[in-house]
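Below are the chains, spelled out letter by letter.
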Amino acid sequence: MALPSAAAGTIKVRLSPVEGTLQLAMKTDCSPISGPATIAGNIMTLGKIATGASGCIGTSGEHQAWIHELLKRPISMTYTQDTLTWTSGINTLSFQAE
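Let me sum up the structure you'll find in this document. Small disclaimer: the values here were computed from a predicted structure and weren't measured.

Analysis parameters
Residues numbered from 1 in each chain as written. Predicted model: local features only at pLDDT ≥ 70, side-chain atom pairs only at ≥ 80, totals over all residues. Heavy atoms only, no water. Pairing = 2+ DSSP bridges. Helix = DSSP H or I, 4+ residues; strand = E, 2+ residues; numbered from the N terminus.

1. Points about the pairing of strand β7 (residues 83–88)
(1) Moving on: Inspection of the sheet shows strand β6 (residues 75–80) paired to β7 by five bridges, in the antiparallel sense. Opposite T78, over in β7, you have T85 as the bridge partner.
(2) Moving on: Joining the antiparallel neighbours β6 and β7 is a turn of two residues, in which Q81 adopts a positive phi near 50 degrees.
(3) Moving on: Pairing of β7 with strand β8 (residues 91–96) involves six bridges; the strand directions are antiparallel. Looking at the pairing, W86 lines up with L93 of β8.
(4) Moving on: Following β7, the chain reverses through two residues before pairing antiparallel with β8; G89 in that reversal takes a positive phi of roughly 65 degrees.

Structural data, given as structure tokens:
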């Protein structure tokens, strides 16, 4: 699924240590997503995912569901030419630093 909102740069991700645990915080065009993360080598796995309140319908809701599915499986991370790419199954999501 193409995510026009991701292409526009509205998905932002931050990994931060919080009380001895690595936490993922993601801002999407729909609602915030967060959860504990572990990284082993280049594989990131998320624990229980929390989603902020949202009223997304239509295309935005479909994009949010796609992101949730991506985050449910282990994510292979690669970094090439200033681009971080997450791959989970057949799905990919790429980020560039601000």
